[in-house]
Amino acid sequence: VQLQASGGGLVQAGGSLRLSCAVSGSGFSIAAMGWYRQAPGKQRELVAMTENGGAPNYLDSVKGRFAISRDNAKNTVSLQMNSLKPEDTGVYYCNAILIIFDATRNYWGQGTLVTVSS
């Protein structure tokens, strides 16, 4: 199983970016998918998460600006980021909680850098 993330880059404050992540492989089902980020010198934090049958969960500081969506048929998750701020800068990591042979496992993508200039 692999997670492949894409879509990071450099954007001015107020701009938008869209991150995407695809899960490849076989023999799994997806329990949840989401995005974390890590700014320089800070701990990794949850940005947005969507679980099966539940409402998305967002970091307070991104509510109203970011939107997470899943395509279950394609095993992908996307994060639309609008009205970006310099404090949104960081490495964004895709995360997936998978069920494999009745065991729950946590997978991470390789990280994609988002830089928001002021």
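I will try to describe carefully the structure that is included in this document. (Residues numbered from 1 in each chain as written. Predicted model: local features only at pLDDT ≥ 70, side-chain atom pairs only at ≥ 80, totals over all residues. Heavy atoms only, no water.)

### Some details on the overall build of the protein chain
Going by this rule: Counting from the N terminus, the helices are the DSSP runs of H or I reaching at least four residues and the strands are the DSSP runs of E reaching at least two. The reference for a compact globule is 2.2 Å times residues^0.38; the radius of gyration itself is calculated from the C-alpha atoms. Three exposure classes are used, based on accessible area relative to the maximum for each residue type with a 1.4 Å probe and protein chains only: buried under 20%, partly exposed in between, and exposed over 50%. Only heavy atoms matter for contacts: two residues are in contact if any of them lie within 4.5 Å across the pair. Per-residue and other accessible areas were derived by the Shrake-Rupley procedure at a 1.4 Å probe size, with only the shown protein chains allowed to occlude residues. Charge assignment in this entry is limited to Lys and Arg as positive and Asp and Glu as negative, and neither His nor the chain termini are counted. Charged groups are reduced to one reference atom each: NZ for lysine, CZ for arginine, CG for aspartic acid, CD for glutamic acid.
Summing up its helical and strand segments, the protein chain has zero helices and eleven strands in all. By the compact-globule yardstick of 13 Å for 118 residues, the protein chain fits well, its C-alpha radius of gyration being 14 Å. With respect to the principal axes defined by its C-alpha atoms, the protein chain has extents near 45 × 25 × 25 Å. For the protein chain, with 118 residues in total, the buried portion stands at 37%. Across the protein chain, every contact between residues at least 6 apart in sequence was considered, and the portion connecting residues at least 24 apart equals 54%. Accessible surface, the protein chain: about 6,300 Å² in total, of which carbon and sulfur atoms supply 47%. The distance from the centre of the 10 positive side-chain charges to the centre of the 7 negative ones in the protein chain is 4 Å.

### Digging into the pairing of strand 4 (residues 29–38)
Short version of the rule: Any two strands are treated as partners once DSSP identifies two or more bridges connecting them.
Sheet topology note: the strand 4/strand 9 (residues 90–100) ladder contains nine bridges and is antiparallel. Note on strand 9: the bridge partner recorded for Ala32 is Ile97. In the sheet, strand 4 pairs with strand 5 (residues 45–51) via six bridges, with the strands oriented antiparallel. Looking at the pairing, Ala32 lines up with Glu51 of strand 5. Between the end of strand 4 and the start of strand 5, which pair antiparallel, lie six residues, with Gly41 showing a positive phi angle near 80°.

### Some details on the pattern of salt bridges
Rule in force here: Any carboxyl oxygen of Asp or Glu that lies within 4 Å of a side-chain nitrogen of Lys or Arg is treated as forming a salt bridge with it.
Considering all chains together, one arrives at four salt bridges under this definition. Put simply, Asp88 and Arg37 hold a salt bridge, and the shortest N to O gap is 3.0 Å. With Asp88 in the loop between strand 8 (76–81) and strand 9 and Arg37 in strand 4, this residue pair connects regions lying 51 residues apart in the sequence. No difference in accessibility class separates Asp88 from Arg37, as the two residues are buried. In this structure, Lys63 engages Asp60 in a salt bridge whose closest nitrogen and oxygen atoms are separated by 3.0 Å. It is possible to trace a salt-bridge network through shared partners that takes in Arg37, Glu45, Arg65 and Asp88.

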